[in-house]
Amino acid sequence: MGLPWEGIGLAKVLVVVGKRETLFLQGQAEDSSANTEGAVRVAYRGGEETIDVSLLARTLLPTLPGHGLAGLLSHYGITKKTKPEALFSLFSCLVEGYLKLPPDLLTLLSELLPSPSNDLVRRLTRFSIPQEEVQEAADVPPIEPGKYSLSDVLAPNGVLERDLAGFEVRPGQNEMAHRVLDTLEHGGTATVEAGPGTGKTFAYLIPALIHLRDHKGARIVLSTRTKQLQEQVFYKDIPFLASRLLPSVHVALLKGRSNYICLRRWQMALGELVESLQQDLLSSLAPVARWLFSTQTGDIEENNAFLTDRKAKVLWRRICDDPHRCIGQSCPLYDDCFSIAARRRARGADLVVVNHSLLLADQLSAQGFLGEYQSVIADEAHALEDAARHAFTISISVHRVDSLLRAIEHPLGRRTGGWLARLPFVRTDERIKNLHDLLGILRGSNTRLFSDMSHGLPAGRGRSPDLAAFEDQMAKVMRELGTLTRSIETLSHEAETPEIEYEADGLILEGVEIIAAFQKLLSPPDENSVHWYEFINEEPYLHLSPLSVVPFLKESLYPRIESLILTSATLSQGGDFTYIEESLGLSSAPGESESTVVSSPFSYEDAMKILVPEFLPPVTANDGSYATALAACVKRIAAAVGCKILILFTSYGLLHALRDRLDESIDVIAQGVDGPRSKLIERFKQSKGPLVLLGTDSFWEGVDLPGDALEILIITRLPFPVPTDPVFSALADRMLRDGKDPFSDLSIPRAILKLRQGVGRLIRTTTDHGVVLIADNRIIRRGYGRRFIASLPVPVQRCASVEGLVSEIETWLRPAA
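Residues numbered from 1 in each chain as written. Predicted model: local features only at pLDDT ≥ 70, side-chain atom pairs only at ≥ 80, totals over all residues. Heavy atoms only, no water.

The final tally for this structure, using the stated rule, is 46 salt bridges. In this structure, the salt-bridge partner of Asp-214 is Lys-147, at a minimum N-O distance of 3.7 Å. Placement of Asp-214 in helix H9 (residues 200–214) and of Lys-147 in the loop between helix H5 (117–124) and helix H6 (150–154) is noted, with a sequence separation of 67 residues between them. Looking at Asp-214, the relative accessible area reads 35%, which means it is partly exposed. A residue is classified by how much of its surface remains accessible, and Lys-147, at 65% relative accessible area, is exposed. Linking Arg-343 and Asp-321 is a salt bridge whose minimum nitrogen-to-oxygen distance equals 3.9 Å. With Arg-343 in helix H15 (residues 338–347) and Asp-321 in the loop between helix H14 (312–319) and H15, the pair connects residues that are 22 residues apart, well separated along the chain. For Asp-321, a relative accessible area of 5% corresponds to the buried category. Because the salt bridges share partners, they merge into one network encompassing Arg-264, Glu-272, Arg-318, Arg-422, Glu-499 and Glu-503. (Salt bridge = Lys/Arg side-chain N within 4 Å of Asp/Glu carboxyl O. Helix = DSSP H or I, 4+ residues; strand = E, 2+ residues; numbered from the N terminus. Buried < 20%, exposed > 50% of the residue type's maximum accessible area, 1.4 Å probe, protein only.)

With that out of the way, let us pick up the sheet that holds strand S22 (residues 770–774). A sheet is described by the order of its strands in space; here 7 strands give the open sequence S19-S20-S18-S21-S22-S17-S23, paired in parallel fashion. Single-partner strands in this sheet number two, and they are strand S19 (668–670) and strand S23 (796–799). Pairs of neighbouring strands in the sheet enclose a mean axial angle of 20°, with direction left out of account. Alignment of strand S21 (residues 712–715) against S22, held across 4 bridges, turns out to be parallel. In the strand pairing of S22, Ile-715 is matched with Ile-774. (Pairing = 2+ DSSP bridges. Axes fitted to C-alpha atoms, helices over the stretch in contact; angles between N-to-C directions.)

Strand pairing in a sheet is mediated by backbone hydrogen bonds. Such pairs are either parallel or antiparallel. Taking strand neighbours across the sheet as the criterion, the 4 strands line up as S11-S14-S13-S12 in an open arrangement whose pairing is antiparallel. Looking at strand neighbours, the two that pair on one side only are strand S11 (394–397) and strand S12 (461–463), the edges of this open sheet. Going from strand to strand, the sheet's axes swing by 20° on average, the running direction of each strand aside. Here 3 bridges tie S12 to strand S13 (residues 529–536), and the two strands are oriented antiparallel to one another. Among the inter-strand pairings, Gly-462 is bridged to a residue of S13, identified as Tyr-533.

Moving on: the packing of helix H1 (residues 53–60) against helix H3 (residues 83–99). The interhelical angle for the contact between H1 and H3, taken along N-to-C directions, is 40°, at an axis separation of 10 Å. Here the hand of the crossing between H1 and H3 comes out left-handed. Seen from H1, the contacting residues are Val-53, Leu-55, Leu-56, Ala-57, Thr-59 and Leu-60; seen from H3, they are Leu-87, Leu-90, Phe-91, Leu-94, Gly-97 and Tyr-98. The residue makeup of the contact of H1 with H3, split by class, is 10 nonpolar, 2 polar and no charged. (Left-handed = near helix turned anticlockwise from the far one by under 90°. Contact = heavy atoms within 4.5 Å. Nonpolar A, V, L, I, M, F, W, Y, C, P; charged D, E, K, R; others polar.)

We now examine the packing of H3 against H5. Their axes nearest at 10 Å, the elements H3 and H5 cross at an angle of 50°. Regarding the angle of H3 to H5, the classification is oblique. Viewed along their axes, H3 and H5 form a crossing whose handedness is right-handed. Facing Phe-91, Val-95, Tyr-98 and Leu-99 of H3, the residues of H5 in contact are Leu-120, Val-121 and Leu-124. Considering only residue class, the contact of H3 with H5 consists of 7 nonpolar, no polar and no charged. (Parallel < 35°, antiparallel > 145°, perpendicular 65-115°, else oblique.)

Moving on to the pairing of strand S2 (residues 20–25). Where strand S1 (residues 12–17) lies against S2, 6 bridges are found, and the strand directions are antiparallel. Bridge pairing in S2 places Val-17 opposite Arg-20. Hairpin connection from S1 to S2: 2 residues lie between these consecutive antiparallel strands, with Gly-18 at a positive phi of about 65°. In the sheet, S2 pairs with strand S3 (residues 28–29) via 2 bridges, with the strands oriented antiparallel. Directly across from Phe-24, in S3, lies its bridge partner Ala-29. Linking two consecutive strands that pair antiparallel, namely S2 and S3, is a turn of 2 residues; a positive phi of about 50° is found at Gln-26 within it.

To continue, consider the packing of aromatic side chains. By the definition in use, this model includes 14 aromatic pairs. Centroid distance Phe-24 to Phe-88: 4.1 Å. Interplanar angle 0°. Geometry classified as stacked. With Phe-24 in strand S2 and Phe-88 in helix H3, this residue pair connects regions lying 64 residues apart in the sequence. In terms of burial, Phe-24 and Phe-88 fall into one category: buried. A ring pair is formed by Tyr-784 and Phe-788, whose centres lie 6.2 Å apart and whose planes are at 65°; its orientation type is edge-to-face. Here Tyr-784 matches Phe-788 in class, with each residue buried. Here a set of aromatic residues connected by ring pairs shows up, and it is made of Phe-720, Phe-743, Tyr-784 and Phe-788. (Phe/Tyr/Trp six-rings, centres within 6.5 Å; stacked < 30°, edge-to-face > 60°.)

This next bit is on the nonpolar core. Formed by 103 residues in total, the largest nonpolar core has its most connected members in Phe-91 and Leu-254. It is H3 that provides the largest number of residues to this core, a total of 9 residues. Other than its neighbours up to four places away in sequence, Leu-254 contacts Gln-230, Tyr-260, Ala-342, Arg-343, Ala-346, Val-352, Val-353, Val-354, Leu-358, Phe-369 and Leu-370. (Core = buried A, V, L, I, M, F, W, Y, C linked by side-chain atoms within 4.5 Å.)

In short, geometric facts, not functional conclusions.
Encoded structure:
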């Protein structure tokens, strides 16, 4: 469309790129001698007197995966221009996009954006030509395909080979799919270990869809460890398979309530921030306002522009769905509630995709989110125990109490919001003054309590903290919370406003829960619980965690289902499933329980070599000799081979020690130093030359680096659990009381599973080829090392010198022609 340059005040635009300024008149570039007086200044990163193109793009296009200049130019197909011309073309495209927005939205954005961008958007309002919303097509009954059997789908010349490029028949996938279908059809529990390349996602989705097709009214819940896998399965894998096997299937993706925006809280926060003129926060909300105009789900994960804003975390707490702030059906926006809509879709779906945390939370609510279902498929099931323990942990901190107080009245006063500000009473009302004073007293008591704890508890993490010195202060906070909840109840009744009363109910419930948490933390733990604490950003957090999660699963989950499928790439120790069976109480799971390891399509003997440099000093040495020797080894390898190397650590201390010893001759990026995990992985993948990536705990799993994106993987030490970890040490003590050996029955199984996850980062496709270095020689010098070696896909090979190690790597990776 032709832009009305004069009318929208852009007859003269001065594009700034570094120190270079280029004038555009009526959309056309002028020579450098032209008069720039009165021109609107535009830059990719603007300032007080310059329009910020990046901010305009983040606001208009909040769901783009990135908002870098190169990505934006690619999005609009802008190529083969000088930098000023490219930036002006981008700016023009953005202006054109804003003109397609409704006037009401443009008016709102002009209130949120800073000057001078807000002035531009305000001028655009007069020329707005909104695009008509695309109407959803009427539901048309899908044409059901033929009634394929499992063999029809997976066999040579079957459905997958016909429709999926690169599909290969895999015996392990076939075996797993038949086991899953048999379990769904006849009930029971199947534990299936399926390594990389097996195609385990399809191996459970295909039988799930066949089962749903053949059993009307059946419902299956699919649970994963991460939201990322949730979304991959929901948006990619299920649509592909359902279109070929069961187009009429109803599938829903459900996340926890805090993932969805609350429209009522959004309106309140918006009003409060506009009234208080907090411009730095308002501009961060502009991408949210734009996104709300088009989102169908209200899931904030869609809004990359907002999530990458450094203020997003604080703002999201004010506008996300929160059960304690929900006023239910009395909400004027109840019919438009995204969270309610998502739960309705989930309860009405045949197949619901959730994560482990939500599956477990659903049990606490007596299946209130998901409704009744007969079968559960848990992918990444190795993480189910920890997810359950986290779900049932009770925690308290200064921030939990402060969050309640802020919801009642913001510490900066009524203009910045809170329940108290919405009461229909004047500020001078004695009841308001009394509650305001009580909040101040409680805020002070809460701050002093946790401040004293921060000085009175040993640093780090600890088990069974001695809270006797703080008992009186904790009791005082509980008394004041009790007074607070009673005052809120009285005021809410006197307000005689349903919305105020419902909101008060949530505040009261939260206060009661906090009091109960304090009481439990002051009481001795039962035999299946542990009290512990940790410091996060120098603030103490108190926790009460269960030791075994089996009692909960036996009581809440297992009796409600007929079929349970557990799968992961790492569930056993060399085919022994004892640890996972005992930690999840599978003897009490539905029906008969069977466990199996299905075959991998990878020829590990041809793809992977595992080397142990036995010449390195012990990893347990405290004199720095191990880090020094390992750094020298890494430098020799990098110089000789010149490829990408991923080094996995169990602590930041060793990571930093190694990084400090690697000189500038090696390109190194490190977790916690050079950016967040996602950015480091992206940079590692995109690097064209040699690069060393140092990563800790989160890099041991969920990292996919196929092909030459990774050729050498180094494990710095066997990943034993930290023996002083509060929950682990309590579990170990319990095993000792039960007559078991915690090192053999707990530490080693956990370390083996984690080691296998780490080693699994190397070979991701049938064409991958690489080397694993296990730089902890305990694996060959201690008796228990045999258990680790037996769990690995290929035998380990010792190297007596760095020269021999480098030679082995060179020969394996770069064989002579």
